[in-house]
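Structure at a glance
Listed below are the residues making up each chain.
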Amino acid sequence: MSITLQDAVALIALEADLLDHGAFRDWLTLYTPDGRYVVPIDPDVEDFESVLNYAYDDAAMREKRVERLLGGRSISAAPPARTVRLLSRYRMLETTDATCTLRCAQHLMELRQGRQRDYAANVTYRLKNTDGGLKIDLKVIRLLTATEALTAVSYIL
């Protein structure tokens, strides 16, 4: 049976909730071992490995990112930002028994040091059925302002 939109959205909503509540260690468990977290600079690029990105994280880099956020070793994360992300406009692009590709819109609001910032993005997920349940195999966050000057982002998009 193919992965349903309902199952895919449930995982994506869980991820957003974990990130907004600072449960970064739990967030790490949502990914497959080979999964990638990508924030490209060029909104039209598909070959992320051969170009410069804001983020192109494998499991080791995601772990380091979380350690910096939790350990206070990141200047841009002190004090930590509070975030709320709204997800909408879910569209299943492809689905099989093993994987699915889903796209949605994300509006992330950040509050840090008395200043609110907003980030809009189109987010594409490739989800994979594993022995441990549905996992994120690829997350690509295409920020609306990716080609503009970007302030220091002190959290996980």
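Here, every reference points to the structure presented above.
These figures come from a predicted structure and were not determined experimentally. (Residues numbered from 1 in each chain as written. Predicted model: local features only at pLDDT ≥ 70, side-chain atom pairs only at ≥ 80, totals over all residues. Heavy atoms only, no water.)

Focus: unusual backbone geometry
- Here R89, not a glycine, exhibits a phi torsion of approximately 55 degrees, which is positive.
- Looking at where R89 falls in the secondary structure, it is placed in strand β3 (residues 82-95).
- For R89, a relative accessible area of 47% corresponds to the partly exposed category. (Helix = DSSP H or I, 4+ residues; strand = E, 2+ residues; numbered from the N terminus. Buried < 20%, exposed > 50% of the residue type's maximum accessible area, 1.4 Å probe, protein only.)

Things to note about the state of the cysteines
- With the rule as written, the count across this model stands at zero disulfides.
- Free cysteine: C100, not disulfide-bonded; nearest cysteine sulfur from C104 at 11 Å. (Disulfide = S-S within 2.5 Å.)

Focus on the sheet that holds strand β4 (residues 99-112)
- One open sheet accounts for six strands, arranged β2-β1-β6-β5-β4-β3; its pairing is mixed. The sheet terminates laterally at β2 (53-57) and β3, the two strands that pair on one side only. Adjacent strand axes in the sheet meet at a mean angle of 20 degrees when their direction is disregarded.
- Judged from the four bridges that link them, strand β1 (residues 31-40) and strand β6 (residues 133-143) form a sheet pairing that is parallel. Within β6, the position partnered with Y31 by the bridge is I136.
- Packing of helix α1 (residues 5-20) onto the sheet brings it into contact with β1, β3, β4, β5 (115-130) and β6, and relative to β3 it is tilted by some 160 degrees.
- Helix α3 (residues 59-71) rests against β1 and β2 of the sheet, and its axis sits at about 70 degrees to β1. (Pairing = 2+ DSSP bridges. Axes fitted to C-alpha atoms, helices over the stretch in contact; angles between N-to-C directions. Contact = heavy atoms within 4.5 Å.)

Some thoughts on the pattern of salt bridges
- Tallied over the full model, the rule gives eight salt bridges.
- As a salt-bridge pair, E63 and R25 come within 3.2 Å of each other at their nearest N and O atoms. One end of the pair, E63, is in helix α3; the other, R25, is in helix α2 (residues 24-28), and 38 residues separate them in sequence.
- Where salt bridges share partners, they join R25, E63 and E67 into one cluster. (Salt bridge = Lys/Arg side-chain N within 4 Å of Asp/Glu carboxyl O.)

Considerations on α1
- If you check α1, its first and last C-alpha atoms are 22 Å apart, about what 16 residues at 1.5 Å a residue would give, namely 22 Å.
- Listed as buried for α1 are A8, V9, L11, I12, E15, A16, L18, L19 and D20.
- For α1, the elements touching its buried residues are α2, β1, β3, β4, β5 and β6.
- Residue G22 follows α1 closely and has a positive phi angle near 70 degrees. (Expected span 1.5 Å × (residues − 1).)

Description of the environment of T96
- Along the chain, the position of T96 falls in the loop between β3 and β4.
- Residue T96 is classed as partly exposed on the basis of its relative accessible area of 30%.
- Separated by 32 residues in the primary sequence, T96 and K128 have C-alpha atoms spaced 9.5 Å apart.
- Among all residues touching T96, those that are not within four sequence positions of it are M1, S2 and I3.

Structural notes on the pairing of β3
- Looking at chain direction, β3 and β4 are connected through eleven bridges and run antiparallel. What sits directly across from R82, in β4, is L111.
- The turn joining β3 and β4, which pair antiparallel and follow one another in sequence, is formed by three residues.

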